[in-house]
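# Structural overview for review
Residue strings, one per chain:
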Amino acid sequence: MVWSDEFGWNPVEKSLDYSVTGAALIDAGVRLAGRPITLQGEADAGWIKRGGLVALQALNAADAVGEHALLLADGRSFTVQFAPGLAVEGKPLARPELPADDYPYIATVRLITV
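This report concerns the structure included in the present document. Since the model is a prediction, treat every value here as computed from it, not as a measurement.

## Thoughts on the packing of aromatic side chains
Aromatic ring pairs: the centre-centre distance and the angle between the two ring planes describe each pair. A complete count under the given rule lists two aromatic pairs for this structure. Between W3 and F78, the aromatic rings sit 5.5 Å apart at their centres with planes inclined by 80 degrees, giving edge-to-face as the arrangement. Separated by 75 residues along the polypeptide, W3 in strand β1 (residues 2-3) and F78 in strand β7 (residues 77-82) bring together distant segments of the chain. Residue W3 shares its accessibility class with F78, and that shared class is buried. Ring centres 6.4 Å apart and planes at 85 degrees place the aromatic pair Y103 and Y105 in the edge-to-face group.

In structure tokens:
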């Protein structure tokens, strides 16, 4: 699975307003958490087995606000929780009638850093 929104987040939050004199008032701060980590499979790569997808959905349902360790293939690690909304979704690679636990799915897993 690929981290699809790795570069779609800025760790610095800024706002710009103007004073009554016309001067620019810039407020800036560093975000401490909340970076999205969306792991996404594609039709030709990054599949997940149905059993793993079921386990992720169960973990999300059982521990919606819990913190989990995420270790990426390149060695980076993050403390994450499931993102609000639809955190885990998937669709089968084809359309099997009764997919086994090892059947491949194309999945999206939405996490945020904490």
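Further notes follow.
## A few points about the pattern of salt bridges
Under the criterion given, the structure shown has five salt bridges. Across the pair R76 and E6 runs a salt bridge, and its minimum N-O distance is 2.9 Å. Of this pair, R76 sits in the loop between β6 (68-71) and β7 while E6 is found in the loop between β1 and β2 (12-18), placing the two residues 70 residues apart along the sequence. Residue classification places E6 among the buried residues on the basis of a relative accessible area of 18%. As a salt-bridge pair, R31 and E13 come within 2.1 Å of each other at their nearest N and O atoms. With R31 in the loop between β3 (24-30) and β4 (36-40) and E13 in strand β2, this pair connects stretches of sequence that are 18 residues apart. On the basis of relative accessibility, which here comes to 33%, the residue R31 falls in the partly exposed class.

## Structural notes on the pairing of β7
For a regular strand, side chains alternate in direction, first toward one face of the sheet and then toward the other. As paired elements, β6 and β7 share four bridges and run antiparallel to each other. The residue of β7 that forms the bridge with L71 is S77. Turn length for the β6-β7 hairpin, with the two strands adjacent in sequence and antiparallel, is five residues, and the turn residue G75 shows positive phi of about 95 degrees. One ladder, built from three bridges, connects β7 with strand β9 (residues 104-113); its direction is antiparallel. Note on β9: the bridge partner recorded for F82 is L111.

## Description of the side chain of T108
For T108, the location among the structural elements is in strand β9. With sequence-adjacent residues up to four places away left out, T108 is seen in contact with M1, T38, L39, Q40, A87, V88 and E89.

Rules behind the numbers
- Every chain's residues receive numbers from 1 upward, in the order its sequence appears when written.
- Predicted model: local features are reported for residues with pLDDT of at least 70 only, side-chain atom pairs are reported and counted for 80 or more only, and whole-chain, interface and lining totals are derived from all residues.
- In computing side-chain values, all of the structure's heavy atoms are included and hydrogens and water are not.
- Working definition: a ring pair exists when centres of Phe, Tyr or Trp rings (six-membered ring for Trp) sit within 6.5 Å. Plane angles under 30 degrees give stacked, over 60 give edge-to-face, the rest tilted.
- By definition, any uninterrupted DSSP run of H or I lasting at least four residues is a helix, any uninterrupted run of E lasting at least two residues is a strand, and each is numbered from the N terminus.
- Throughout, exposure labels follow a simple rule: accessible area from a 1.4 Å probe, protein chains only, divided by the maximum for the residue type, with under 20% read as buried, over 50% as exposed, and the rest as partly exposed.
- A carboxyl oxygen of Asp or Glu within 4 Å of a side-chain nitrogen of Lys or Arg is what we treat as a salt bridge.
- A pair of strands is considered paired only if DSSP assigns at least 2 bridges between the two.
- Should any heavy atoms of two residues lie within 4.5 Å, those residues are counted as being in contact.

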